[in-house]
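Overview (structure and organization)
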Amino acid sequence: MHSINTVAGQLDAKGLKVAIVASRFNDFIVDRLIGGALDYLERHGLQKQDVTLVRIPGAFEMPLVCQKLAAARKYDGILALGAVIRGGTPHFDYVCAEASKGIAHVMLAYDTPIGFGLLTCDNIEQAIERAGSKAGNKGVEAAAAMLETIRVCEQL
Ligand code: INI
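Summarised in this report is the structure supplied together with it. Since we're looking at a predicted model, the values are computed, not measured. (Residues numbered from 1 in each chain as written. Predicted model: local features only at pLDDT ≥ 70, side-chain atom pairs only at ≥ 80, totals over all residues. Heavy atoms only, no water.)

1. A look at the overall build of the protein
Helix and strand content of the protein: five helices and six strands. On C-alpha atoms alone, the protein measures out to a radius of gyration of 16 Å, which is about the 15 Å that the 2.2 N^0.38 rule sets for 156 residues. A burial count over the protein gives 44% of its 156 residues as buried. Taking the contacts inside the protein whose residues are at least 6 apart along the sequence as the reference set, 81% of them involve residues at least 24 apart. A distance of 3 Å separates the average location of the 16 positive side-chain charges in the protein from that of its 17 negative side-chain charges. (Helix = DSSP H or I, 4+ residues; strand = E, 2+ residues; numbered from the N terminus. Rg over C-alpha atoms; globule rule 2.2 N^0.38 Å. Buried < 20%, exposed > 50% of the residue type's maximum accessible area, 1.4 Å probe, protein only. Contact = heavy atoms within 4.5 Å. Lys, Arg positive; Asp, Glu negative; His and termini not counted. Charge placed at Lys NZ, Arg CZ, Asp CG, Glu CD.)

This is the structure:
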């Protein structure tokens, strides 16, 4: 079963430098995602002084700020945390589409792992459920994914 060559990432954050990009929009949700992500990363060995938190207006601004951080080449990984909640107009669809496309583009263009912790919810209840209650904390999941991806990419 395990006779094939396997590459897998250790969940060890020791010595890494990480940037967290977090939107102010819906900050009562986003602050929970940040808290969960920091708690996870610190419990896996990341030092507080190796984390840079960048606050931005909303999810639409995420790609540009992730691009600046990736271009600086100072970070092993970036964590994008935010919450887009559907309103009464199509605005939601444009913000979600541009944020997700833009972040994916930056990750590939700059060869930098980005944890995608952007909630895209139909209502506030769904966001609360994903920010540290019924459905877990998506900030933690995105942090874990970023960490694993950093460690996998180091070996490829
Ligand atoms: N930005 C968010 O991060 N979440 C939202 O729910 C949201 N809604 O619903 O409008 C939102 N809009 C702001 C947008 O991201 C930009 O900051 C704004 O359009 C200015 O460029």
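Past the structure itself, the notes keep going.
2. Here we look at the site of the ligand
All residues adjacent to the ligand are Ser23, Phe25, Asn26, Gly58, Ala59, Phe60, Glu61, Ala83, Val84, Ile85, His91 and Val95. Here an oxygen atom of the ligand and a side-chain polar atom of Glu61 are 2.5 Å apart. Within the side chain of His91, an N or O atom sits 3.2 Å from an oxygen atom of the ligand. In the complex, the protein chains occlude 75% of the 460 Å² of accessible area that the ligand would expose alone. (Near = heavy atom within 4 Å. Polar contact = N/O pair within 3.5 Å; in protein donor to acceptor, adjacent residues only side chain to side chain. Areas by Shrake-Rupley, 256 points an atom, 1.4 Å probe, with all protein chains shown as cover.)

3. Regarding the sheet that holds strand E4 (residues 114–121)
Overall, parallel pairing links the four strands, which are arranged E2-E1-E3-E4 in an open sheet. For this open sheet the edge positions go to strand E2 (51–56) and E4, each flanked by a neighbour on one side alone. Within the sheet, the average angular offset between the axes of one strand and its neighbour, ignoring direction, is 10°. Across the sheet, helix H2 (residues 62–72) is in contact with strand E1 (18–23), E2, strand E3 (77–85) and E4; its angle to E3 comes to roughly 175°. (Pairing = 2+ DSSP bridges. Axes fitted to C-alpha atoms, helices over the stretch in contact; angles between N-to-C directions.)

4. A few points about a nonpolar patch on the surface
Taken together, the side chains of Phe28, Ile124 and Ile128 present a nonpolar region at the surface, about 270 Å² in accessible area. Here Phe28 lies in helix H1 (residues 27–43). (Patch = residues over 30% accessible without salt bridge, like charges linked within 9 Å, V, L, I, M, F, W, Y side chains within 5 Å. Salt bridge = Lys/Arg side-chain N within 4 Å of Asp/Glu carboxyl O.)

5. Some remarks on the packing of H1 against helix H5 (residues 138–153)
Their axes nearest at 7 Å, the elements H1 and H5 cross at an angle of 40°. It follows from the interaxial angle that H1 and H5 lie oblique. In the packing of H1 onto H5, the handedness of the crossing is right-handed. Judged by residue contacts, Leu33, Gly36, Ala37, Tyr40 and Leu41 of H1 engage Lys138, Gly139, Val140, Ala143, Ala144, Met146 and Leu147 from H5. Each residue belonging to the contact of H1 with H5 can be placed in one class, and the counts come to nine nonpolar, two polar and one charged. (Parallel < 35°, antiparallel > 145°, perpendicular 65-115°, else oblique. Left-handed = near helix turned anticlockwise from the far one by under 90°. Nonpolar A, V, L, I, M, F, W, Y, C, P; charged D, E, K, R; others polar.)

6. Describing H5
Taking 1.5 Å as the rise per residue, H5 with 16 residues should run 22 Å; its terminal C-alpha atoms sit 22 Å apart, in good agreement. For H5, the complete set of buried residues consists of Gly139, Ala142, Ala143, Ala144, Met146, Leu147, Ile150, Arg151 and Val152. Between the side-chain oxygen of the N-cap and the backbone nitrogen of Gly139 there are 2.7 Å, and the N-cap of H5 in question is Asn137. (Expected span 1.5 Å × (residues − 1).)

7. Examining the pairing of E4
Extensive coverage of E4 is indicated by the burial of six of its eight residues. Handedness of the crossover joining E3 and E4 through helix H3 (residues 91–109) is recorded here as right-handed. (Right-handed = clockwise from strand over helix to strand, strands pointing away.)

8. Section: the pattern of salt bridges
Once the charged atoms of two side chains with opposite charge are near each other, the side chains can pair. Counting across every chain of the model gives 12 salt bridges. As a salt-bridge pair, Asp12 and Lys14 come within 3.8 Å of each other at their nearest N and O atoms. For Asp12, a relative accessible area of 27% corresponds to the partly exposed category. Of the charged contacts in the structure, one is a salt bridge between Glu154 and Arg151, with a shortest N-O distance of 2.8 Å. By relative accessible area, Arg151 is classed as buried at 12%. Shared partners join several salt bridges into a network, and the residues in it are Arg86, Asp93 and Asp122.

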